[in-house]
2 protein chains.
Amino acid sequence: MAGPIGICIHGGCGTLDKSLLTPAEWAETRAHLAASLRAAWAVLSKGGKALDAVEAAVVVMEDSPHFNAGHGAALTAASTHELDASIMDGATKGAGAVCTVKRIRNPIKAARAVMERSDCVLIAGDAADEFAKRQGLAIVENSYFTTQRRLDALASLKRRAESGTLRAASEAERHGTVGAVALDRAGNLAAATSTGGFNNKPVGRVGDTPIVGAGTYARNGVVAVSGTGQGEFFIRNAAAYDIAARMDYGKHEFKASVDALVFDVLKSHGIGAGFAAIDAKGQVYAPYNTLGMARGWIGDDGRLVVATHTEEFAEAA
Amino acid sequence: MAGPIGICIHGGCGTLDKSLLTPAEWAETRAHLAASLRAAWAVLSKGGKALDAVEAAVVVMEDSPHFNAGHGAALTAASTHELDASIMDGATKGAGAVCTVKRIRNPIKAARAVMERSDCVLIAGDAADEFAKRQGLAIVENSYFTTQRRLDALASLKRRAESGTLRAASEAERHGTVGAVALDRAGNLAAATSTGGFNNKPVGRVGDTPIVGAGTYARNGVVAVSGTGQGEFFIRNAAAYDIAARMDYGKHEFKASVDALVFDVLKSHGIGAGFAAIDAKGQVYAPYNTLGMARGWIGDDGRLVVATHTEEFAEAA
């Protein structure tokens, strides 16, 4: 009952041309990041579980329109939402995930239910929606997830696709993911990630977010990480697990291991990417190789930090 | 144009009480393993690509009723088939996969099409069936995959579930997967895996087979592996990628790295498991911790070996 605690979150990298939002909207984005951190901190500071903390943090971001997960999620090419999420308990290496779900208000809660109340790790599609419903989770219409901002972004992307200028689309219009990692007083690590994928994605496409080892990984004594970026490269590189493998087998340092993915493996392929990460000592780290990444953390000093670009905003937790 | 070549396959572990099949059926199982190996060898011995070799090997096993993939696949609890497959090119670390597909005759061909003709790595459900159809791949009714043996096994499992003796069900009634790994003359490694999951599985359940890094992994200069066993543990342990990580970061030996998964990580959790593996020198290895595993290989000596239990049957390729 004496170990350090910490929470680190991201709200997606690739962000964000500052002109995309008004100053008030940027302030609200930071306020929602802070609310996410406080939801986790309320758990951790009372001696609660890292698993509960990361779930609580992700739920706040799923419910916010400012992040690409839950309400505010990206739209598929068919103008629908298909959501992915996963969660991992570093204490047991238990994990749960859902992919291409359409009606679960908080996909991260469904991922946790898969972990704790099924024999599966990953359930796909309508069956996952049905599973969540049977578990008593909140079910919504697919349109609940839609915001005007994503509709505008989808329309813009479709115009660019028609005019052959798709590559000029900003990362902010395309990607985004939310995630949280935490360490609790008992030394348990946990990680959680949730996303709507990317705007104009093909129906049925599954990225790294629901893939334990790609977008999410946690193991006590080593590290917990949650990734954001172009998921296909995260899968091909088993990116989240690779950070743990570098630390465990390669005896590499924590931050160097995260940096190796963000600035070497992924950036070398032109892949915008970022991670929220925490090690077994409670060190928090959230590097990214893009213009910005919504992010935040509270370390054992109780100082709350949120940021979307270079500038960091600190306050007491 | 002088390097060694090799092919190694598995047709699922957890097999197989000898009384399950007649001697003639066991002989046919071995004949189909040999046919799978020869399909790959025809590619490799002419200087063809490892990627083509593993696809050819898996197609033969998908088309055989004796393996749990394609025709002969396991049935879900709803008496339907949902198939998973993935393929990885060790030269590029490109990968493709499909999960919970219902109508693609050869899911491994769809996985390859995802890799080569889409921007995705993984496509789920009906969208993957539609994608395969658009790519001109053979589409079948879901009932094409059904065999009397799987219907009998499902009925037996449902009876056991009702009578509370499910844990007594043999692994052979429950699991099974097919996979192939190869090294070509140019030094390229590749891996491919395909499965129907397990009998009586929940609809929507996704195991390790379509998860690159869990059930399938290949990287030139290191290793190519394809796994079989209870997929949930493979995902949680990033099992396929972990073998490469042990070799790469930990500088562990090839066979010791595969053994670590099969006999340590997975067996310690009571998980029946096996791998087909090949290293960059063309060493083939197919360990398993269960009663048996359908398997086979041809190394650079041109000797073809197939087996389902301890006894190995060798002939000239």
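The rules behind the values
Residues numbered from 1 in each chain as written. Chains lettered and ligands numbered in written order. Predicted model: local features only at pLDDT ≥ 70, side-chain atom pairs only at ≥ 80, totals over all residues. Heavy atoms only, no water. Helix = DSSP H or I, 4+ residues; strand = E, 2+ residues; numbered from the N terminus. Rg over C-alpha atoms; globule rule 2.2 N^0.38 Å. Buried < 20%, exposed > 50% of the residue type's maximum accessible area, 1.4 Å probe, protein only. Contact = heavy atoms within 4.5 Å. Lys, Arg positive; Asp, Glu negative; His and termini not counted. Charge placed at Lys NZ, Arg CZ, Asp CG, Glu CD. Polar contact = N/O pair within 3.5 Å; in protein donor to acceptor, adjacent residues only side chain to side chain. Buried area = accessible area lost by both parts, 1.4 Å probe. Salt bridge = Lys/Arg side-chain N within 4 Å of Asp/Glu carboxyl O. Least-squares fit on C-alpha atoms with pLDDT ≥ 70 in both. Pairing = 2+ DSSP bridges. Axes fitted to C-alpha atoms, helices over the stretch in contact; angles between N-to-C directions.

(A) Focus on the overall build of chain A. On a plain count of helices and strands, chain A comes out with 9 helices and 14 strands. The C-alpha atoms of chain A give 18 Å as radius of gyration, which agrees with the globular expectation for 317 residues (20 Å, within 12%). Expressed as lengths along the three principal axes of its C-alpha atoms, the size of chain A is roughly 55 × 45 × 40 Å. Looking at the 317 residues of chain A, the share that counts as buried comes to 64%. If you take every contact in chain A between residues at least 6 apart in sequence, the share linking residues at least 24 apart comes to 67%. In chain A, which carries 33 positive and 34 negative side-chain charges, the distance between the mean positions of the two groups comes to 1 Å.

(B) Here's a closer look at the environment of B:Asp129. All names here are of chain B. Locating Asp129 in the fold gives a position in helix α4 (residues 125-134). You can call Asp129 buried: its relative accessible area is 7%. Not counting chain neighbours up to four residues away, the residues in contact with Asp129 comprise Val101, Lys102, Arg103, Ile104 and Ile139.

(C) Local environment of unusual backbone geometry. For A:Lys251, which is not glycine, the phi dihedral falls at a positive 55 degrees. With respect to the element layout, A:Lys251 can be found in the loop between α8 (239-248) and α9 (254-265). Relative accessible area serves as the criterion here: at 64%, A:Lys251 is assigned to the exposed category. Although it is not a glycine, B:Lys93 sits at a positive phi angle of roughly 55 degrees.

(D) The arrangement of the side chain of A:Arg150 in detail. With respect to the helices, strands and loops of the structure, A:Arg150 is situated in helix α5 (residues 148-163). A distance of 2.5 Å separates a polar side-chain atom of A:Arg150 from the backbone oxygen of A:Gly72.

(E) Looking closely at the interface of chain A and chain B. Contacts between the two partners involve 33 residues from chain A, matched on the other side by 33 residues from chain B. The contact between chain A and chain B buries some 2,700 Å² in all, and 65% of this surface belongs to carbon and sulfur atoms. Counting across the chain A and chain B interface gives 0 salt bridges. Contributions of two or more residues to the side of chain A that touches chain B are made by β3 (94-101), β4 (122-124), β7 (205-206), α7 (231-236) and α8 of chain A. In terms of residues, the side of chain A that touches chain B owes the most to one element, α8(A), which gives 4 residues.

(F) Fine view of the relation of the copies chain A and chain B. The two copies are related by a screw motion: chain A maps onto chain B through a turn of 180 degrees and a shift of 0.0 Å along the axis, at an RMSD of 0.0 Å. Read as a symmetry element, the transformation amounts to a two-fold axis. Comparing interface residues between copies, 100% of those in chain A also lie at the interface in chain B; the contact surface is shared.

(G) Structural context of the sheet that holds strand β14 (residues 312-316) of chain B. On the basis of which strands lie adjacent, the open sheet formed by 10 strands has the order β7(A)-β4(B)-β3(B)-β2(B)-β6(B)-β5(B)-β1(B)-β12(B)-β13(B)-β14(B) and mixed pairing. A strand with exactly one partner marks an edge of an open sheet, and here the two such strands are β7 of chain A together with β14 of chain B. Here helix α3 (residues 107-117) of chain B sits on the sheet and contacts β2 (83-89), β3 (94-101), β4 (122-124) and β6 (189-195) of chain B; the angle it forms with β3(B), its principal contact strand, is near 135 degrees. Across the sheet, α4(B) lies against β3 and β4 of chain B, angled at about 110 degrees from β4(B), the strand it touches most.

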